[in-house]
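Summary of the model geometry
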Amino acid sequence: MAIKRGVSSFGVHRNRGGGGSRFPVFTFVLILVLAPMVFFLGRVIYSADSIDMQDVDWRTKLALQNVIDVIKANTDDMGPLSLDSFRKQSFSASWKFSGKENEIDINSNPSEIVEANKQETPKGKQDNSLDVNTDDLSQYVETPATLARRKLRDKRRETRAAGLMKQDEDVSIKLENAAIERSKSVDSAVLGKYSIWRKEADNENIDTTVRLMRDQIIMARVYVSIATMKNKTDMAHELQSQIKESQRALGDATTDSDLNRSAPDKIKAMGQLLSRARDQLYNCKLVTGKLRAMLQSADEQVRSLKKQSTFLSQLAAKTIPNGIHCLSMRLTIEYYLLSPEKRKFPRSQNLENPSLYHYALFSDNVLAASVVVNSTIMNAKEPEKHVFHLVSDKLNFGAMNMWFLLNPPGKATIHVENVDEFKWLNSSYCPVLRQLESSAMKEFYFKADHHTTLSSGSSNLKYRNPKYLSMLNHLRFYLPQVYPKLNKILFLDDDIVVQKDLTGLWKVDLKGKVNGAVETCGESFHRFDKYLNFSNPHIARNFDPNACGWAYGMNVFDLKQWKKRDITGIYHKWQNMNEDRVLWKLGTLPPGLMTFYGLTHPLDKSWHVLGLGYNPSIDKIDIENAAVVHYNGNMKPWLELAMTRYRSYWVKYIKFDHPYIRGCKLSE
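Structure report, in brief. This is a predicted model, so every value here is computed, not measured.

Counting its secondary structure elements, the chain contains 26 helices and twelve strands. Counting the 668 residues in the chain, one finds 37% classified as buried. In the chain, of all internal contacts separated by at least 6 residues, the share reaching a separation of at least 24 is 74%. Looking at the chain as shown, the accessible area adds up to about 40,200 Å², and 53% of this sits on carbon and sulfur atoms.

On to the packing of helix H13 (residues 322-336) against helix H15 (residues 397-406). Orientation of H13 relative to H15, taken along the N-to-C sense of each, is 80°, at an axis distance of 7 Å. The orientation of H13 with respect to H15, classified from their angle, is roughly perpendicular. Contact with H13, carried on its side by Leu-327, Ser-328, Leu-331, Thr-332, Glu-334, Tyr-335 and Tyr-336, involves Phe-397, Gly-398, Ala-399, Asn-401, Met-402, Trp-403, Leu-405 and Leu-406 of H15 and no other residues of that element. Considering only residue class, the contact of H13 with H15 consists of ten nonpolar, four polar and one charged.

For the rest of this paragraph, the subject is the pattern of salt bridges. Inspection of every chain in the model, using the stated rule, returns eleven salt bridges. For the salt bridge of Lys-266 with Glu-245, the shortest nitrogen-to-oxygen distance reads 3.0 Å. Linking Lys-266 in helix H11 (residues 263-281) with Glu-245 in helix H10 (residues 233-250), this pair joins segments that are 21 residues apart in sequence.

Moving on: the packing of H10 against H11. Remark: H10 packs on H11, axes separated minimally by 10 Å, with the N-to-C direction vectors making an angle of 155°. Relative to H11, the element H10 lies roughly antiparallel. The handedness of the crossing between H10 and H11 comes out as left-handed. Residues Met-235, Glu-238, Leu-239, Gln-242, Ile-243, Glu-245, Ser-246 and Ala-249 of H10 touch H11, and the partners they reach there are Ala-263, Lys-266, Ala-269, Met-270, Leu-273, Leu-274, Arg-276, Ala-277, Gln-280 and Leu-281. Its residues placed into classes, the contact of H10 with H11 shows eleven nonpolar, three polar and four charged.

Among the seven residues in strand S4 (residues 386-392), seven count as buried, and that is most of the element. By the alternation rule, side chains of S4 split into His-386, Phe-388, Leu-390 and Ser-392 and Val-387, His-389 and Val-391, which are all buried. Pairing geometry for strand S3 (residues 357-362) and S4, over six bridges, is parallel. In the sheet register, Tyr-359 faces S4, and the bridge partner there is Phe-388. Note on the crossover from S3 through helix H14 (residues 366-378) to S4: the handedness is right-handed. One crossover worth recording links S4 to the parallel strand S5 (residues 413-418) by way of H15, and it is right-handed.

The terminal C-alpha atoms of H11 lie 26 Å apart, and with 19 residues this matches the ideal 27 Å at 1.5 Å per residue to within 8%. Next to the buried residues of H11 lie helix H9 (208-229) and H10.

Should the sulfur atoms of two cysteines be covalently bonded, the bond is a disulfide. Taken as a whole and assessed by the stated rule, the structure comprises two disulfides. Shown here is the disulfide that connects Cys-521 with Cys-548, its sulfur atoms set 2.0 Å apart. On the sign convention where negative means left-handed, the S-S torsion of about -90° between Cys-521 and Cys-548 marks this disulfide as left-handed. Of this pair, Cys-521 sits in the loop between strand S8 (515-517) and helix H20 (537-542) while Cys-548 sits in the loop between H20 and strand S9 (554-558); the two residues are 27 residues apart in sequence, bridging distant segments of the chain. In this structure Cys-521 comes out as buried when scored by relative accessible area, which is 19%.

It is worth spelling out the sheet that holds S9 at this point. In space, the seven strands of this open sheet follow the order S5-S4-S3-S6-S9-S8-S10, with mixed pairing throughout. Two strands bound the open sheet, and with one partner strand each, they are S5 and strand S10 (600-602). Averaged over all neighbouring strand pairs, the angle between strand axes comes to 25°, with direction disregarded. Note that S4 and S5 share six bridges and pair parallel. Bridge pairing in S5 places Val-387 opposite Thr-413. Against the sheet, H14 contacts S3, S4, S5 and strand S6 (488-492), and its axis sits at roughly 175° relative to S4. Against the sheet, H15 touches S4 and S5, its axis set at about 165° to S5.

This part covers the nonpolar core. Counting 64 residues, the largest nonpolar core has Leu-327, Leu-390, Leu-490, Leu-502 and Trp-650 as its most contacted members. Residue contributions to this core peak at eight residues, all from H14. The contact partners of Leu-502, leaving out residues within four places of it in the chain, are Tyr-359, Leu-490, Trp-607, Ala-627 and Val-628. Of all hydrophobic cores here, the second largest spans 42 residues; its members include Leu-433, Met-471, Phe-557 and Leu-583.

Under the definition given, this model contains 24 aromatic pairs. Ring centres of Phe-422 and Trp-424 lie 5.8 Å apart, and the angle between their planes is 15°; on these two criteria the pair is classed as stacked. Taking the relative accessible area as the measure of exposure, Phe-422 reaches 11% and is therefore buried. On the accessibility criterion, Trp-424 (30% relative accessible area) is partly exposed. Consider the rings of Phe-557 and Phe-596, whose centres lie 5.6 Å apart with planes at 35°: the pair is tilted. Placement of the pair is Phe-557 in strand S9 and Phe-596 in the loop between helix H23 (589-595) and S10, with a sequence separation of 39 residues. Across this residue pair, the class does not change: Phe-557 and Phe-596 are buried. The ring of Tyr-282 carries the charged tip of Arg-278 above its face, separated from the ring centre by 4.4 Å. Taking NZ or CZ as reference, Arg-343 lies 4.9 Å from the ring centre of Tyr-335, over its face.

Calculation notes
- Residues numbered from 1 in each chain as written.
- Predicted model: local features only at pLDDT ≥ 70, side-chain atom pairs only at ≥ 80, totals over all residues.
- Heavy atoms only, no water.
- Helix = DSSP H or I, 4+ residues; strand = E, 2+ residues; numbered from the N terminus.
- Buried < 20%, exposed > 50% of the residue type's maximum accessible area, 1.4 Å probe, protein only.
- Contact = heavy atoms within 4.5 Å.
- Areas by Shrake-Rupley, 256 points an atom, 1.4 Å probe, with all protein chains shown as cover.
- Axes fitted to C-alpha atoms, helices over the stretch in contact; angles between N-to-C directions.
- Parallel < 35°, antiparallel > 145°, perpendicular 65-115°, else oblique.
- Nonpolar A, V, L, I, M, F, W, Y, C, P; charged D, E, K, R; others polar.
- Salt bridge = Lys/Arg side-chain N within 4 Å of Asp/Glu carboxyl O.
- Left-handed = near helix turned anticlockwise from the far one by under 90°.
- Pairing = 2+ DSSP bridges.
- Right-handed = clockwise from strand over helix to strand, strands pointing away.
- Expected span 1.5 Å × (residues − 1).
- Disulfide = S-S within 2.5 Å.
- Core = buried A, V, L, I, M, F, W, Y, C linked by side-chain atoms within 4.5 Å.
- Phe/Tyr/Trp six-rings, centres within 6.5 Å; stacked < 30°, edge-to-face > 60°.
- Lys NZ or Arg CZ within 6 Å of the ring centre and 35° of its normal.

Here you go:
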């Protein structure tokens with residue numbers, strides 16, 4: 001328009017100044033000027049139709065391009081819902097800006113988008129909609145880097161959660177497995193007679209009437225105490241009277257079948273009385289307190305009874321039954337009535353023959369020794385090759401000789417000696433003899449103010465057993481001195497029974513060790529720390545507290561290796577150090593464990609099954625498959641407190657029809 005105005009003015013000026021003769025020239029000049037302008041104007045219009053974004057304001061163009069790039073970056077990973085997918089399938093989408101819904105066609109012209117937004121946006125807010133710069137827009141949308149970090153955080157959270165869940169599952173599995181193992185390791189011998197694993201526990205309805213009556217009596221006693229406290233004398237007397245009636249009906253019954261016929265009536269009457277007592281006297285705090293007091297009192301009574309039981313069992317284990325004492329006395333009298341030439345055993349030439357099977361048996365119990373010898377010979381394949389070396393004390397020497405003179409063990413060889421005739425075994429050579437003669441040991445054993453009542457003293461009573469005062473118990477540490485010409489010998493206790501041929505033990509390779517024995521460390525209380533005082537530095541320095549223990553009772557000894565390693569000297573060293581009983585209590589197993597430490601070869605467990613003198617739950621198959629069964633413990637088979645289920649293995653080797661046994665009233 002400026003050009004037209006300039007031309008018009010120029011023309012007017014020319015008309016005013018020079019007239020119309022110059023009109024052709026003016027027309028020519030006008031054509032020359034307008035033709036290029038028309039050409040360029042048409043080109044611009046054509047270009048506007050072909051290139052959309054060039055006519056859009058540059059700020060609007062930049063903002064729209066940023067929005068589209070951000071949306072594309074946030075939807076690239078959405079698979080079929082991505083922006084590219086919408087474009088390819090000619091779909092439409094909607095976005096929200098500043099809280100308003102605006103439908104935007106992805107395939108439409110950006111200028112149309114801007115124009116549409118201008119129309120919908122109020123004039124006062126037009127500059128805050130799309131006319132924003134890049135920095136303002138980046139505050140409201142996530143960049144690809146921010147999105148990537150957020151995805152990484154989410155992935156880490158998921159990984160951590162999965163790890164924690166797996167860890168919880170592993171811990172639960174470990175706890176379940178540990179519980180299963182603990183349930184498998186429950187020892188019914190420890191639980192005893194009242195084990196929850198008894199078959200009776202499977203049926204909850206067994207003897208429910210007996211239990212109900214006992215529970216009623218307990219609750220009645222609780223209410224008697226509360227009634228007395230609240231001065232309800234009538235209720236207290238009524239309850240006491242009903243308790244006596246229920247106790248009479250219950251009597252000594254342990255099963256429902258043993259109950260008196262009046263038991264149901266007593267239960268009904270007691271139930272009605274307890275109901276009235278509850279209405280009048282019940283107080284949760286008082287009842288709980290009374291029950292707790294009764295429980296504590298019962299617990300104290302159980303402890304006292306257990307202590308008394310321990311004392312009595314140890315006292316019984318120390319005694320010899322009248323029948324065995326009678327047998328020993330009668331045999332002793334008969335022996336000393338014999339002439340000296342009739343007191344000798346045949347086949348004495350076999351006593352020092354190392355090619356035969358030699359046994360060492362040290363005992364003062366005639367009946368027990370006879371069972372050991374009889375059971376060994378009856379199960380031997382070649383009895384004539386077996387030689388028994390018996391050693392007894394002065395009191396029982398005659399009885400032991402007389403029994404085997406009257407009852408020789410078939411073709412086997414037997415010889416009986418008196419430990420008091422071993423002149424080399426004196427206090428100057430043997431530490432334990434010197435200690436037994438000391439005033440401190442005499443005071444320990446014979447001091448008058450020692451507790452010997454039923455309620456106290458049971459913890460130390462077992463260490464004052466007379467066997468600890470006898471050299472018969474310690475003679476096992478002097479086997480090469482007693483039998484100097486033998487190479488190997490089988491040591492047997494007098495509380496064992498032989499059930500199989502034992503000649504295979506002489507063929508066992510001890511691999512340079514001195515002692516062949518069955519290990520007993522299957523249970524924790526048979527390890528070294530249960531026998532020795534590991535608070536003493538001498539013990540702690542030389543022994544492993546978790547070392548496996550082994551059992552005396554059936555041991556095969558290599559006497560050649562014994563002499564070579566000076567086993568008796570090792571025993572003397574430790575015995576001298578234990579004069580004040582600071583290393584171990586009395587007995588022969590602790591010094592045996594120390595003396596043969598590292599010198600014991602483990603035998604197969606089927607050779608020697610232990611525990612028949614204290615464990616009521618030994619498998620019958622294990623007993624019947626064992627070569628030797630051992631009644632170690634207080635419940636010896638010749639005592640009345642012996643376990644009935646095991647006694648049959650012992651009594652079958654006793655000749656109850658023998659006149660001496662019948663005369664002393666020894667019976668099955």
